[in-house]
Amino acid sequence: MENQYTAWYHPYTPAAAYTKRVAYFSMEFGIDQSFNIYSGGLGFLAGSHMRSGYELKQNMIGIGMLWKYGYYDQARNEDQTLRPEFNEKHFDFLEDTGIEVEIQLHDNPHVKLRAYVLKPEIFGTVPMYFLSTDIDGNDHLSRTITYHLYDRNPVTRVSQSIVLGIGGAKVVEALGGADTYHLNEGHALPAFYYLRDRGVTKDQMVFTTHTPEKAGNEEREARHLNRCGFFGRSYSNEELEREMVNGGNINYTVSALRMAKKANGVSKLHARVANDMWKDYYGVSEIIPITNAQNQKFWQDEVIKQAWMDRDAMTYQNRKKALKEALFQEVHKQTGKTFDPNVLTIVWARRFAAYKRADLLLHDFDRFKRLISNANRPVQIIWAGKPYPFDYGAIDLFNHLVFHAKNESNLAVLVGYEIGLSRLLKCGSDIWLNTPRITREASGTSGMTAAMNGSVNVSTNDGWIPEFQKDEENCFVLPALDYRLPTWDQDKSDADNLYHILENKAIPIYYDKPDQWQEMVFKAMDDVIPEFTTQRMADDYYKKLF
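Scoring rules and cut-offs
- Residues numbered from 1 in each chain as written.
- Predicted model: local features only at pLDDT ≥ 70, side-chain atom pairs only at ≥ 80, totals over all residues.
- Heavy atoms only, no water.
- Helix = DSSP H or I, 4+ residues; strand = E, 2+ residues; numbered from the N terminus.
- Rg over C-alpha atoms; globule rule 2.2 N^0.38 Å.
- Buried < 20%, exposed > 50% of the residue type's maximum accessible area, 1.4 Å probe, protein only.
- Contact = heavy atoms within 4.5 Å.
- Areas by Shrake-Rupley, 256 points an atom, 1.4 Å probe, with all protein chains shown as cover.
- Lys, Arg positive; Asp, Glu negative; His and termini not counted.
- Charge placed at Lys NZ, Arg CZ, Asp CG, Glu CD.
- Core = buried A, V, L, I, M, F, W, Y, C linked by side-chain atoms within 4.5 Å.
- Axes fitted to C-alpha atoms, helices over the stretch in contact; angles between N-to-C directions.
- Parallel < 35°, antiparallel > 145°, perpendicular 65-115°, else oblique.
- Nonpolar A, V, L, I, M, F, W, Y, C, P; charged D, E, K, R; others polar.
- Pairing = 2+ DSSP bridges.
- Polar contact = N/O pair within 3.5 Å; in protein donor to acceptor, adjacent residues only side chain to side chain.
- Salt bridge = Lys/Arg side-chain N within 4 Å of Asp/Glu carboxyl O.
- Phe/Tyr/Trp six-rings, centres within 6.5 Å; stacked < 30°, edge-to-face > 60°.

Novice: Could you give me a rundown of the overall build of the protein chain, with the residues and numbers involved?
Specialist: Of regular secondary structure, the protein chain possesses 20 helices and 19 strands. For 546 residues, the compact-globule formula gives about 24 Å, and the C-alpha radius of gyration of the protein chain, at 23 Å, lands near that figure. Considering the protein chain as a whole, with its 546 residues, one finds that 62% of them fall into the buried category. Of all intrachain contacts in the protein chain linking residues separated by at least 6 positions in sequence, the fraction that spans at least 24 positions is 73%. Taken as a whole, the protein chain presents about 20600 Å² of accessible surface, with 48% of it coming from carbon and sulfur. One finds the centroid of the 62 positive side-chain charges in the protein chain at a distance of 1 Å from the centroid of its 71 negative side-chain charges.

Here is the structure:
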């Protein structure tokens, strides 16, 4: 049988509002637990977008990378501390399209890459194409480019951007071309340079920026990028100078903002922060807000959803208890500890980055000890998350939490934070703890899916939270503070406010006013759906960006 996916094809007629052909480039996609080629929120977001694109019958395709070893597998050493493992992945649900393109990398003009298709019927996404250089005919070095997501070798990282950007753009050309090229973050920036040379106009390029973190906005030396083949051909000194910022560098975000017709930040607050961050660079496009969201159909438990729609507290509570028991089986399996489904359970789970402050609860250790040893109003706390495998500070923090949790019967640190565990945590928690330093979290989406499953957010007022929060009605919000304060002072204030909220509001309401707690749970679902679902978001991208 002929493979329809060697050309631009969808198994449905695109809906009238979404006929424009869009190619969406992302370094990672979190689509299903069995397809573990993502590191965290950026991937979860992109995966949810691809699912909603399919549900809305959008004329969109995804372009990603086929990571041979994924990001990494999170295991433990003998003393329970973190051990990253790199295991080869096999995905038999992908099909070879036969599409093979060549790109120039460094001094090799003939690096081959092949496109594998993920058909819509597998996971309910738009058609997606995953690129690999691990194919016959490539030398060893070229084959390793698609081994590790966010490889630690800077030259390999540049090569990955060229493969996704230029290789991805050539695959889209082979499929028949797109009307709009959408870069999810700056990783695929070489696509814009390549396409511009091919006569693709500014009107056809759009860009999403995801992070106010300096480290998240890559910047590299222009001459080095030119030698690597970053621009799709060799640039003259004059051409390079036009692209350069900050004394001879290329900033991926600045270049993307200059080449795109329009760009977006991923929450209203982030769009303000991002416009302010980049305003001093000439020629950058306007950054509008399109707040991140998550796919309701994929993330929300069906019984919880029905109980919420029926306002049926009894069914909800029975289901919540069962979901807590499922989570606690995982706790028992990993730590040997027996958690109680009748006890208030607090979860902190996300990517382990320093600004997210996984250890904020431990800042006043005496107060923390009092909190976890209150026999009248007991709590259980679970941490989970993946540090970057070579971020030794973050790994040290993870291990610090392991050390403190080890001898406490009601504390647990879990490994294996991917879609499967994320779902268990969101469904099985009572409180979803979100503690980034203000303005540092562009959006954050885990709290959305937690709220869909009846977990009440306790959060700093950052990212998407300002658009959602009704303090003490649908969540608990830490009072705003001046984000320009030294981080030590910010952490002290936020920790004090966090203890105050838990000790005097959240925990007493959970135990003493269960009806009020139940009302908060349902109110949070009212406010998160449909505003923070990717059906709304995928529609916004077509209307506001494309």
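Novice: Before we move on, could you go through the nonpolar core and cite the residues and values that matter?
Specialist: In terms of nonpolar packing, the biggest core is built from 163 residues, with F35, F130, L361 and W517 touching the most fellow members. With near-sequence residues (within four places) excluded, F130 lies in contact with F29, I31, F35, I37, G64, M65, L66, L94, R114, A115, Y116 and L118. Membership of the second largest hydrophobic core comes to 15 residues, among which are F328, V331, L414 and L421.

Novice: Mind laying out the packing of helix α12 (residues 313-335) against helix α19 (residues 514-528), listing which residues take part and the relevant values?
Specialist: The description of two helices packed together rests on the angle between their axes and the distance between the axes. Taken N-terminus to C-terminus, the directions of α12 and α19 make an angle of 90°; their axes are 11 Å apart at the nearest point. Here α12 is positioned roughly perpendicular relative to α19, judged by the angle of their axes. Along the contact surface, α12 presents A313, Y316 and Q317, while α19 presents Q518, V521, F522 and M525. Residue composition of the contact of α12 with α19, grouped by class: five nonpolar, two polar and no charged.

Novice: Give me the sheet that holds strand β7 (residues 128-132): which residues, what numbers.
Specialist: In space, the nine strands of this open sheet follow the order β5-β6-β7-β2-β1-β8-β9-β12-β13, with mixed pairing throughout. Taken across any chain shown, the strands that pair with only one partner, and hence form the sheet edges, are β5 (95-105) and β13 (287-289). The average undirected angle you get between the axes of adjacent strands in this sheet is 25°. This element, helix α9 (residues 268-278), spans β12 (262-265) and β13 of the sheet and lies at about 170° to β13.

Novice: Tell me what's going on with α9, and back it up with residues and numbers.
Specialist: Looking only at α9, the buried set comprises L269, H270, A271, V273, A274 and W278. Where α9 is buried, its residues contact β11 (249-251), α8 (252-259), β12, β13 and α17 (465-468).

Novice: Which residues make up the environment of Y12, and what values go with them?
Specialist: For Y12, the position within the fold is in the segment before β1 (22-25). Distance in space between the C-alpha atoms of Y12 and Y24 is 18 Å, their sequence separation being twelve residues. Y12 has contacts with G53, Y54, K57, Q58 and V126, leaving out every residue within four places of it along the chain. For Y12, the side chain forms a polar contact with the main-chain oxygen of Q58, separated by 2.7 Å.

Novice: So what about the pattern of salt bridges? Which residues, and what values?
Specialist: Summed over the entire model, instances satisfying the criterion amount to 36 salt bridges. Between R357 and D491 there is a salt bridge whose closest N-O contact spans 2.6 Å. Of this pair, R357 sits in the loop between β14 (344-349) and α13 (365-372) while D491 sits in helix α18 (residues 487-512), and the two are 134 residues apart along the sequence. In this pair, the class of R357 matches that of D491, namely buried.

Novice: Could you give an account of the sheet that holds β14, naming the residues involved and the relevant values?
Specialist: With parallel pairing, the six strands of this open sheet are ordered in space as β16-β15-β14-β17-β18-β19. Of all strands in the sheet, those with a lone pairing partner are β16 (411-414) and β19 (475-477), marking the two edges. This sheet shows a mean twist of 20° between the axes of neighbouring strands, independent of strand direction. Pairing geometry for strand β18 (residues 456-459) and β19, over three bridges, is parallel.

Novice: Could you give me a rundown of the packing of aromatic side chains, with the residues and numbers involved?
Specialist: Evaluated as defined, the whole model comprises 41 aromatic pairs. Ring geometry for W464 versus F532: centroids 4.9 Å apart, planes at 70°, classification edge-to-face. One end of the pair, W464, is in the loop between β18 and α17; the other, F532, is in the loop between α19 and α20 (534-545), and 68 residues separate them in sequence. Three or more aromatic residues link up through ring pairs in this structure, and these residues are Y24, F29, F35, F91, F93, F123 and F130.

Novice: Outline the side chain of K356, supporting the account with residue identities and numerical values.
Specialist: Among the secondary structure elements, K356 is positioned in the loop between β14 and α13. Residue K356 is classed as buried on the basis of its relative accessible area of 7%. Within the structure, K356 has its side chain in polar contact with the side chain of E441 (distance 2.8 Å). Contact partners of K356, with chain neighbours within four places excluded, come to W348, R350, R351, T435, P436 and E441.

Novice: So what about the pairing of β7? Which residues, and what values?
Specialist: Across the five residues of β7, five count as buried, placing the element largely inside the fold. On β7, burial covers both faces: M128, F130 and S132 on one face and Y129 and L131 on the other are all buried. Of the pairings in the sheet, the one linking strand β6 (residues 108-118) to β7 comprises five bridges and is antiparallel in character. When the bridges of β7 are listed, Y116 appears paired with F130.

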